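The lines below spell out each chain.
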Amino acid sequence: MTKAGGGGPRPRGTWWREGAITATAFVVCLLGGLVQVDNTLSPPPAAAYLVAVVSCAVLPVRHRAPLAAMAATTAIGMLVPLLGLVLTPLIVAPAVISAYSLAVRTEGRVASAVSLASATLLVASIPLFEALSWRDASRMGVVAAFPLVAGILGHSTQNRRAYLAAVEERAQRAEESRDSEARRRVAEERVRIARELHDLVAHQITLANAQATVAVHLFDTRPEQARKSLKELVETTGNALDELRATVGLLRQSGDAAAPAEPAPGLSRLPTLLESFRRAGLEVSVHQEGTARPLPPGVDLTAYRIVQEALTNVTKHAGTGSARVRLVWNRDRVTITVADDGGDGPGASTVPDRPPGYGLIGMRERATAVGGHLSAGRRPEGGFLVSAQLPLRPAKDTTRTTDGATTVDGRTGDGEAGEAP
């Protein structure tokens with residue numbers, strides 16, 4: 001099957017190259033016309049010029065129509081003995097060039113068959129128009145060999161071009177794959193950092209807002225209490241700046257100098273987290289069932305962030321002063337529930353026209369990232385419930401503490417330890 005040539009304008013360098021090839025073929029044809037029948041040399045006759053002009057004029061079309069160019073140059077070569085010229089490899093140079101171009105641009109078997117047919121026709125024309133002698137046998141072999149060798153060289157060039165094209169395509173595909181992987185990793189990192197910033201900023205700003213609101217209401221009637229609330233506000237905003245600085249530090253280049261990073265928060269910092277909410281006016285009771293175990297770092301951070309975001313939503317939206325956190329430790333998972341008795345739930349907002357946030361989305365993403373599951377919704381009895389199940393490594397000691405609930409912050413439960421919130 002012949003490959004279609006390019007139909008667009010050819011570059012200037014290509015035209016110069018084609019002109020050089022055509023001129024060289026013309027000169028070689030004329031040199032072939034110097035040989036006479038008696039093996040002497042004389043100036044080329046007019047027939048030699050005719051053969052050179054006509055056969056070389058066909059060469060520029062060999063890129064678009066290689067089969068037609070091969071057929072035309074072969075036919076002209078067959079007429080050489082009829083015009084009284086000696087058929088030599090030099091005078092059929094255009095046919096040799098056409099055989100090379102045909103092999104480069106067509107399928108291998110087709111090119112081989114056409115080259116073989118061309119060589120056969122050229123050799124067969126010698127006894128048709130000349131008195132053949134045994135001395136001409138070597139000349140016939142050389143004439144037949146030239147198109148075949150040109151076809152072999154063209155086929156080799158075609159294979160090399162195909163190999164280089166395949167290598168280039170593989171390299172381009174690998175580069176695109178690397179770019180796609182890099183974009184995917186960048187997108188994942190952006191989502192992770194956005195989730196961290198949301199959890200940190202939403203938590204701290206919500207507490208700061210609550211403390212500022214308390215200070216405003218108590219400024220005239222209870223100045224001492226307002227002053228205490230303002231001090232707590234200063235502490236809260238200071239903590240927010242510290243955590244924000246640490247998170248933004250993740251964006252530094254690896255070669256930049258940075259302060260040592262603090263360990264990622266986990267359930268061990270839960271009492272401190274709850275105390276910050278209590279200072280903002282939200283009473284939180286925490287109950288635990290089963291035997292607590294150390295969590296993998298990723299699961300530990302996820303558990304902490306889910307509790308943090310769920311309590312932040314309670315502070316912003318629930319319109320209630322209390323919430324309950326429950327941790328249930330099983331053999332292969334830990335279940336975390338955060339419930340409140342408010343009437344609005346995280347889906348609502350006390351501020352009109354506030355756009356929906358990303359708190360629940362971030363909690364679900366965190367739980368899914370560590371192989372867990374999170375559900376959230378209104379409770380039938382009122383309020384809102386967030387429940388997350390996070391995977392754990394199977395415990396070596398399967399005994400569990402079932403003789404009542406204990407509290408993480410050292411306070412006893414209010415009688416609801418064994419019940420779902």
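Treat the numbers as computed from the prediction; the structure is a model and nothing was measured.

**Q** What's the story with the overall build of the protein in this structure? I'm lost.
**A** Each helix and strand in the protein was counted, giving 10 helices and 5 strands. Long-range contacts, defined as pairs at least 24 residues apart, comprise 75% of the intrachain contacts of the protein with a sequence gap of at least 6. Accessible surface, the protein as shown: approximately 23800 Å² in total, 61% of it carbon and sulfur.

**Q** For this particular structure, what's the right way to read the pattern of salt bridges?
**A** Side-chain pairing between opposite charges can occur once the charged atoms of the two side chains come close. Applying the stated criterion across every chain, the model contains 11 salt bridges. Residue Arg 326 is joined to Glu 289 by a salt bridge in which the shortest nitrogen-to-oxygen separation is 2.7 Å. Pair noted here: Arg 326 is in strand E2 (residues 322–329) and Glu 289 is in strand E1 (residues 283–289), with a separation of 37 residues, a long-range link. In this structure, Asp 332 and Arg 333 form a salt bridge, with 3.6 Å as the shortest nitrogen-oxygen distance. Exposure remark for Arg 333: the relative accessible area of 32% places this residue in the partly exposed category.

**Q** Just checking my understanding: could you explain the pairing of E1 for this structure?
**A** Consecutive side chains of a regular strand alternate in pointing toward one face of the sheet and then the other. Across the 7 residues of E1, 5 count as buried, placing the element largely inside the fold. As paired strands, E1 and E2 are joined by 7 bridges and run parallel to one another. Note that in E2 the partner of His 287 across the bridge is Arg 326.

**Q** I would appreciate a short explanation of the packing of helix H3 (residues 66–78) against helix H4 (residues 93–105) in the present structure.
**A** Packed helix pairs are characterised by how far apart their axes lie and by the angle those axes make with each other. Look at H3 against H4: their axes get within 9 Å of each other, and the N-to-C directions meet at 160 degrees. The angle between H3 and H4 falls in the class roughly antiparallel. The way H3 lies across H4 gives a crossing that is left-handed. Of H4, the residues touching H3 (which contributes Pro 66, Leu 67, Ala 69, Met 70, Thr 73 and Thr 74) are Pro 94, Ala 95, Ser 98, Ala 99, Leu 102 and Arg 105. Here the residues of the contact of H3 with H4 are counted per class, giving 8 nonpolar, 3 polar and 1 charged.

**Q** Which parts of the structure should I look at to understand the sheet that holds strand E5 (residues 384–391)?
**A** Within a sheet, each strand pairs with its neighbour through backbone hydrogen bonds, oriented either parallel or antiparallel. Within the open sheet, the 5 strands sit side by side as E1-E2-E3-E5-E4. Their pairing is mixed. This sheet does not close on itself; its edge strands, each paired only once, are E1 and strand E4 (373–378). Within the sheet, the average angular offset between the axes of one strand and its neighbour, ignoring direction, is 10 degrees. With 7 bridges joining them, E2 and strand E3 (residues 333–340) adopt antiparallel strand pairing. Residue pairing in the sheet places Val 325 in a bridge with Val 338 of E3. Packed onto the sheet, helix H9 (residues 297–318) meets E1, E2, E3, E4 and E5 and runs at close to 175 degrees relative to E5. In the packing of helix H10 (residues 359–369) onto the sheet, the strands contacted are E4 and E5, and the crossing angle to E4 comes to about 155 degrees.

Here is what the cut-offs are and how they apply
Residues numbered from 1 in each chain as written. Predicted model: local features only at pLDDT ≥ 70, side-chain atom pairs only at ≥ 80, totals over all residues. Heavy atoms only, no water. Helix = DSSP H or I, 4+ residues; strand = E, 2+ residues; numbered from the N terminus. Contact = heavy atoms within 4.5 Å. Areas by Shrake-Rupley, 256 points an atom, 1.4 Å probe, with all protein chains shown as cover. Salt bridge = Lys/Arg side-chain N within 4 Å of Asp/Glu carboxyl O. Buried < 20%, exposed > 50% of the residue type's maximum accessible area, 1.4 Å probe, protein only. Pairing = 2+ DSSP bridges. Axes fitted to C-alpha atoms, helices over the stretch in contact; angles between N-to-C directions. Parallel < 35°, antiparallel > 145°, perpendicular 65-115°, else oblique. Left-handed = near helix turned anticlockwise from the far one by under 90°. Nonpolar A, V, L, I, M, F, W, Y, C, P; charged D, E, K, R; others polar.

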